[in-house]
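# Examination of the molecular architecture
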Amino acid sequence: MDDHSLDEFRRRWQEELAQAQALRKRRRPEAAERRPRRPEVVSGRGEQQASGYLALAQGLLEGAGRPPAARATRAERQEAASRSRSPPARDAAGGGEQLVDQLIRDLNEMDDVPFFDIQLPYELAINIFQYLNRRELGRCAQVSKTWKVIAEDEVLWYRLCQQEGHLPESSISDYSCWKLVFQECRAKEHMLRTNWKNRKGAVSELEHIPDAVLCDVHSHDGVVIAGYTSGDVRVWDTRTWDYTAPFLESEFEEDEPGMQPYVSFVRINSSLAVAAYEDGFLNIWNLRTGKYPIHRFEHDARIQALALSQEDATIATASAFDVVMLCPNEEGNLQIAAEFEVQKLVDYLEIVPDTERYPVAVATAGDLVYLLKAEDSARTLHYVYGQPVTCLDVSANQAAFGVKSLGWVYEGNKILVYSLEAERCVSKLGNALGDFSCVNLRDSPPSLMVSGNMDRRVRIHDLRTDSIALSISAHQLGVSAVQMDDWKIVSGGEEGLVSVWDYRMSQKLWEVHSRLCSLALLPRWAEVLQEHFSVQSVPQTLDSRTPSPP
């Protein structure tokens, strides 16, 4: 309230008091004369208390904002309030005494009103506090002891951890203090981001097989799997400091050394490891039970493509002109959920994430793109004669693939984005001279997508405007792999160079070069902040938690 409004309030208050006193005097002049006067207050503490309240009232009317020097205790205010409930005197001093009584009642009401958290049930208070963020919870914890107990409840901080992506697979009973866990996760994330930007880290070579060549490598949540020409499959858990890799045994123990078929593809998720061999066999290991395979499937021809779901145990394989999808039954045993027949040999195969009941996959075969649903037959999602598909990636509701333009009418190489629900093209991106060699849609931020091209450039595409948001000249040769998260891009080139970019500032953070000439596979960098890359023959890990030695 400003000074003008406060002066106006005092003036109206004085006018109303004067009108009320004049009206009472006109209506009851005789009653006011017969009523005995109120006895005078005995000098002492009572006189000081009364004079204090009168001084407060008079100061409010005159505009003074400073309260009396001596403040009455709670017991004295209650005693004064009990006296104020008696009928007030109607004499000339009645206006001042009524004002004092009203002030005493207001002070008592302010002291007697309870906090809502005393009367409100604890569960309702938790439901109210769940809409607050971490800063607001910290401020509420400073209000009172009761609010501190509510603001530090384990349910609230567990939900904050889940909302910000910390420990997504844990339950609320795994830790006793989720507030401390939340603080540690944020401190670790801040340290990793700072190390990335300040170029602090260490490159470590994982233990490998010296007499074999690395065929394929994959990773998930810090666990790396690699397959070799010797038929060996090794697994590293880089979340710990012990990089010793155990072997995953196969069924070729009775064969002679060196006669095992070499590994074509390897895939891994949180529970399963899968390896496809050159002779058409497929071995599946359970990472929780041991190093021996729990399932083994045989195909009639060489396996040309392999896909493993990141969420569950769904597996898809392509051999010759057949695509097979494997899913666990009620007992947990893998069985064939669907079989599809395609017209050409499959080049790329991906499983669509977050499907509810039936598994869904997308496969490319030359210039054909198929949508494979377990409860339906194979559908042709895209087909243009003479324009082969060069790369593929899928998200929960979209599929993106590069198309090479050939023929008399050259339109430029493009990336097509299809809606899996409507089964139609929603975006046509890019118009490059080189072939699009890789694309990452699943891990990219919403409405963004990153791609790599043989013209040595990495591009960020804006799906809302169908335009190129950023183009970076990243490598000396063609880009072989690329991935993106909410603030950085990781790309690998055919010259063996791995680069990390802060795309918001168009600044290169890391550059790691291998003596080998090609990058075998760039795993899912955005899944964890501890990053990995693997080059042929020597798997390596790039860890931003530890600075490199001088």
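What counts and what doesn't
- Chains are numbered independently. Their residues run from 1 in the order of the written sequence.
- The predicted origin of the model limits local features to residues at a pLDDT of at least 70 and limits the giving and counting of side-chain atom pairs to 80 or more, whereas totals for whole chains, interfaces and linings rest on all residues.
- Side-chain numbers come from the whole structure's heavy atoms, not from hydrogens or water.
- Burial here depends on accessible area, computed with a 1.4 Å probe over protein chains only, as a share of the maximum for the residue type. Under 20% is buried, over 50% is exposed, and the range in between is partly exposed.
- Elements are defined by DSSP. Helices are runs of H or I of four residues or more, strands are runs of E of two residues or more, and each kind is numbered from the N terminus.
- By definition, the arc is the one covered by directions from the helix axis to the C-beta atoms.
- When DSSP finds at least two bridges between two strands, those strands are taken to pair.
- Angles here are taken between N-to-C directions and fall from 0 to 180 degrees, while the axes themselves are lines fitted to C-alpha atoms, restricted in helices to the stretch in contact.
- Excluding any residue in a salt bridge, patches collect residues exceeding 30% relative accessible area, merging like charges within 9 Å and nonpolar Val, Leu, Ile, Met, Phe, Trp and Tyr side chains within 5 Å.
- For the accessible areas, the method is Shrake-Rupley and the probe is 1.4 Å, while residue cover comes only from the protein chains on display.
- By convention in these notes, a salt bridge is any Lys or Arg side-chain nitrogen within 4 Å of a carboxyl oxygen on Asp or Glu.
- Charged residues are defined here as Lys and Arg on the positive side and Asp and Glu on the negative side; His and the ends of the chain fall outside this count.
- Here the site of a charge means NZ on Lys, CZ on Arg, CG on Asp, or CD on Glu.

## Points about helix H7 (residues 122-129)
- The complete set of buried residues in H7 reads Ala125, Ile126 and Phe129. Across the axial projection of H7, the buried residues extend over an arc of 100°, all falling on one side.

## Structural notes on the sheet that holds strand E4 (residues 233-237)
- Taken in spatial order, the 3 strands of this open sheet run E2-E3-E4, and their pairing is antiparallel. Among the strands making up the open sheet, the edge pair consists of strand E2 (214-220) and E4. For this sheet, the mean angle separating the axes of adjacent strands, direction not counted, is 15°.
- Pairing analysis gives 5 bridges linking strand E3 (residues 223-228) to E4, with the strands arranged antiparallel. Considered in E4, the bridge of Gly227 is made with Val233.

## Some points on a negative patch on the surface
- On the surface, Asp279, Glu298, Asp300, Asp322, Glu339 and Glu341 cluster together into a negatively charged patch.
- Within the secondary structure, Asp279 sits in the loop between strand E6 (272-277) and strand E7 (281-286).

## Digging into the sheet that holds strand E17 (residues 389-394)
- With respect to topology, 4 strands assemble into an open sheet ordered E17-E18-E19-E20, the strand pairing being antiparallel. One side of each edge strand has no neighbouring strand; the edge strands of this open sheet are E17 and strand E20 (424-432). With direction set aside, neighbouring strand axes in the sheet form an average angle of 20°.
- In this structure, strand E18 (residues 398-403) lies alongside strand E19 (residues 413-419), joined through 6 bridges in antiparallel fashion. Bridge pairing in E19 places Ala400 opposite Val417.

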